[in-house]
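# Understanding the architecture of this molecule
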Amino acid sequence: MSQKPPTHELFRDLFGSDEDDDVDLEQLKATPVSSQPHDTPVHPFYRWKLLDQTPPIEFPTQCFAGAQRLWAATGPVCPTYATDTQGCKIIRPLPGLVIIRRLLCSHLQQYLLERFINLGYFSSTETNQMMHFGPLPTPLQWVAELYAQLAPRWFDNSNSGEPHKTNNCWSRQPLFDQLIGNMYLPGEGIRPHVDLARFEDGIGIVSLGSTCTMVFAHPDREQQHALWLEPGDVLAMSGEARYQWTHAIPAQKVDQVDGIARPRSLRVSLTLRRVCPWACVG
Ligand SMILES: O=C(O)CCC(=O)C(=O)O
Ligand SMILES: [Fe+2]
């Protein structure tokens, strides 16, 4: 049996070490925002915005040096994006599913992954799932805040010409009280499933690390969408996408995208949900 490498080595392969990091903040700030944000990669700096009410994020000392410098330079920040459209492509592949392409920059992805290792999760690749019930661990509170602020807007289709649909689930408080983290090595996946009924509508998935294909299928309509996920993508699933479509990640080492073979590396996903009151014990 082959020996699995320790997780921190896989993380280093993904993001490099602190020594490799040479982020020049002044240069970042001076980089113009693309006029074609949907086609051109926009520097992660523009995905950060000052948000006065947000409690400071405590970066641990061993956290990625780039994130610490960004923190030092900007003060209390919430990793949300500068405007609704600037630099982040919003994809709506099927009713009730919104993907915000590369919303979390690599610094934030690494910050989250390292915090999880510090909390004792994913310290070895032998255990590839963690579960948490109750108030979210601190490193994820700002992710929940990000959903709370932005998801109601992602689902606001009042200007789309379609009959207005409300998605009240995104306004509940707390938005999430349950977390599952899944770690995938190349070749690993998750079978087609609909998340259990004991979780409410309004499910968030944060995709960290490797790219992968996620397949949504509608069994009754025999429809299928193979979606390409990129590092830092943030997904929001509700209504039809949450209850009527299955989602899966095919267990394969390489994804074919537009005829190009894209090998996978380590991926960690964080699924955020709220337990239905009737399913709570005690
Ligand atoms: O890894 C993913 O992106 C999906 C995880 C998932 O579907 C689940 O935890 O229910
Ligand atoms: Fe799921």
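A brief report on the enclosed structure follows. (Residues numbered from 1 in each chain as written. Chains lettered and ligands numbered in written order. Predicted model: local features only at pLDDT ≥ 70, side-chain atom pairs only at ≥ 80, totals over all residues. Heavy atoms only, no water.)

A full pass over the atoms with the stated rule returns 5 salt bridges. Taking the shortest distance from any N to any O, the salt bridge between R274 and E200 comes out at 3.4 Å. One end of the pair, R274, is in the segment after β15 (267–273); the other, E200, is in the loop between β7 (190–193) and β8 (203–209), and 74 residues separate them in sequence. Accessibility assignment for this pair places R274 and E200 in one class, buried. With a closest N to O distance of 2.7 Å, R264 and D255 form a salt bridge. The class for R264 is buried, based on a relative accessible area of 10%. Here the salt bridges do not stand alone but share partners, grouping R172, E200 and R274 into one network. (Salt bridge = Lys/Arg side-chain N within 4 Å of Asp/Glu carboxyl O. Helix = DSSP H or I, 4+ residues; strand = E, 2+ residues; numbered from the N terminus. Buried < 20%, exposed > 50% of the residue type's maximum accessible area, 1.4 Å probe, protein only.)

Quick look at the sheet that holds strand β9 (residues 212–218) now. If you trace the 4 strands from one edge of the open sheet to the other, you get β7-β12-β9-β10, paired in antiparallel fashion. Because the sheet does not close on itself, it has two edges, and the strands there are β7 and β10 (223–229). On average, each strand axis in the sheet is inclined to that of its neighbour by 20 degrees, with strand direction left out of account. Of the strand pairs in this sheet, β9 and β10 are connected by 7 bridges, and their pairing is antiparallel. Residue pairing for β10: H218 is matched across the bridge by Q223. (Pairing = 2+ DSSP bridges. Axes fitted to C-alpha atoms, helices over the stretch in contact; angles between N-to-C directions.)

Turning our eyes to something else, we now look at the side chain of T211. Among the secondary structure elements, T211 is positioned in the loop between β8 and β9. Exposure remark for T211: the relative accessible area of 11% places this residue in the buried category. In contact with T211, other than residues within four places in its own chain, are W228, L229, E230, P231, D255, R262, P263 and R264. (Contact = heavy atoms within 4.5 Å.)

Moving on, we get to the coordination of the iron ion (ligand 2). Around the iron ion (ligand 2), the protein contributes the donor atoms H193 (NE2), D195 (OD) and H247 (NE2), which lie 2.0 to 2.2 Å from the metal centre. In this structure D195 comes out as buried when scored by relative accessible area, which is 7%. (Donors = N, O, S within 2.8 Å, 3.2 Å for Na, K, Ca; no water.)

Its place among the elements puts H247 in strand β12 (residues 246–249). H247 gets classed as buried once you look at its relative accessible area, which sits at 4%. Side chain to side chain, H247 and D195 meet in a polar contact 3.1 Å long. (Polar contact = N/O pair within 3.5 Å; in protein donor to acceptor, adjacent residues only side chain to side chain.)

In the segment running from Q173 into P174, the intervening peptide bond is cis, with an omega of -10 degrees. Along the chain, P174 falls in the loop between α5 (138–154) and β6 (178–184). A positive phi angle, close to 50 degrees, is found at E222, a residue other than glycine. Even without glycine at this site, D258 takes up a positive phi of about 50 degrees. Position of D258 among the secondary structure elements: in the loop between β13 (254–257) and β14 (260–263).

The next subject is the packing of aromatic side chains. Counted by the stated rule, this structure contains 3 aromatic pairs. Ring centres of F116 and Y121 lie 6.0 Å apart, and the angle between their planes is 40 degrees; on these two criteria the pair is classed as tilted. Relative accessible area serves as the criterion here: at 24%, Y121 is assigned to the partly exposed category. With 5.3 Å between their ring centres and 90 degrees between their planes, Y147 and F176 make a pair best called edge-to-face. Taken together, the positions of Y147 in helix α5 and F176 in the loop between α5 and β6 put the pair 29 residues apart, joining distant regions of the chain. Of the two residues, Y147 and F176, neither departs from the other in class, the shared state being buried. Its guanidinium or amino end placed over the ring of F199, R273 lies 3.8 Å from that ring's centre, counting from NZ or CZ. (Phe/Tyr/Trp six-rings, centres within 6.5 Å; stacked < 30°, edge-to-face > 60°. Lys NZ or Arg CZ within 6 Å of the ring centre and 35° of its normal.)

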